[in-house]
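Here is what each chain is made of, one letter per residue.
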Amino acid sequence: MPTDSPRRRHTLMEWLIVVAALVAGIPAFAWFAQERLIFFPQPVASTAHLPPHAKPLAVTAADGTTLRGWIVPGAPTPAPAVVYFGGNAEEVSWTLADGRWPREWTRVALNYRGYGDSEGTPAARELLADGLALFDAVAARDDVDARRVVAFGRSLGSAMAAHVAAQRPVAGAVLVSPYDSLAAIGRHHYPWLPVGLLLRHRFDPAADAAGSTAPLLALVAAGDAIIPVERSRALYDAWAGPKQWLAVTGADHNTLGATRDFWDPIARFLAAVPPR
């Protein structure tokens, strides 16, 4: 009976070692590098684009970390306010500077830990807690109508907005490209990885959605290749309060906010938000 030669056995062993290294190494890389796969901190390159009446804002988190951003006051005093939570590669001053926000609404945002001029390192538990700290700071201001504070989250930030909506008396929530679970997004993009076992930064906004009774406007890009529409729909279906769904055709994840099809529904929703 023929047998493998020593050289053939040696080659087979080399391949087995390579396969074993890949099987062990790729999950290990995903475990240790997931911060770089989830968070993309951006610096403050300039503030020249902010409106002249924008003011710097600093909030001290529960653990003493200083978070920095801006407040752009609205027309009346006290004014209704939008608390904005950005995407995973966003420096929030650019969204605050957009001229299509309704002028009567104050808009507020802080850069996440490690983003912009904020201290610290981004992590799920801390970012969720920071969202509550920001809401509390905004609602306590004399120039803000605490009965009309709306949580607004885009992409990654929809988890923070949903958490605030579940834990605080918001008047409404706007979620752009939301998702039900970061683990579900990971499984979609990396089906060959045990994402559920590897993921340390667990954003599960569907759990918060089930406890959120405030009115919701959900805006999605019909052609979103980053957050599948079915993941946004799962979050929407879990929301306990009154809700509106709008899918913008011809848009993808990064172009969704470029047209009136995005901004006009937001203006209508904010105008109709009742005080809490």
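Summary of the structure given here. What you see as residue numbers is a count from 1 along each chain, following the sequence as written. Where local features are concerned, this predicted model is filtered to residues with pLDDT of at least 70; where side-chain atom pairs are given and counted, the filter is 80 or more; whole-chain, interface and lining totals use all residues. Hydrogens and water molecules were not included; the side-chain quantities draw on all heavy atoms of the structure.

1. Structural notes on unusual backbone geometry
Only a minority of non-glycine residues have a phi that is not negative, and only a minority of peptide bonds are not trans.
Then, number 1: With an omega dihedral of 0°, the bond running from Thr-77 to Pro-78 counts as a cis peptide bond.
Then, number 2: In this fold, Pro-78 is placed in the loop between strand E2 (66-72) and strand E3 (79-85).
Then, number 3: For Ser-155, which is not glycine, the phi torsion reads 55° and is therefore positive.
Then, number 4: Topologically, Ser-155 is positioned in the loop between strand E5 (144-154) and helix H4 (157-167).
Then, number 5: Unusually for a residue other than glycine, Ser-177 sits at a positive phi of about 50°.
Then, number 6: The helix count covers DSSP runs of H or I at least four residues long, the strand count covers runs of E at least two residues long, and both are numbered beginning at the N terminus. Of note, Ser-177 is situated in the loop between strand E6 (172-176) and helix H5 (182-189).
Then, number 7: Only protein chains enter the accessibility calculation, which uses a 1.4 Å probe. A residue is then buried if its area is under 20% of the maximum for its type, exposed if over 50%, and partly exposed in between. For Ser-177, a relative accessible area of 1% gives the class buried.

2. Some remarks on the pattern of salt bridges
Then, number 1: Salt bridge, as used here: a side-chain nitrogen of Lys or Arg that lies within 4 Å of a carboxyl oxygen of Asp or Glu. All chains considered together, the criterion is met by 10 salt bridges.
Then, number 2: Measuring nitrogen to oxygen at the nearest pair gives 2.6 Å for the salt bridge that ties Asp-130 to Arg-113. With Asp-130 in helix H3 (residues 124-139) and Arg-113 in the loop between strand E4 (106-110) and H3, this pair connects stretches of sequence that are 17 residues apart. Like Arg-113, Asp-130 is buried.
Then, number 3: Between Asp-143 and Arg-141 there is a salt bridge, with the nearest N and O atoms lying 3.0 Å from each other.
Then, number 4: Since its relative accessible area comes to 23%, Asp-143 is described here as partly exposed.
Then, number 5: Assessed through its relative accessible area of 26%, Arg-141 is described here as partly exposed.
Then, number 6: Counted as one network, the salt bridges with shared partners bring together Asp-63, Arg-113 and Asp-130.

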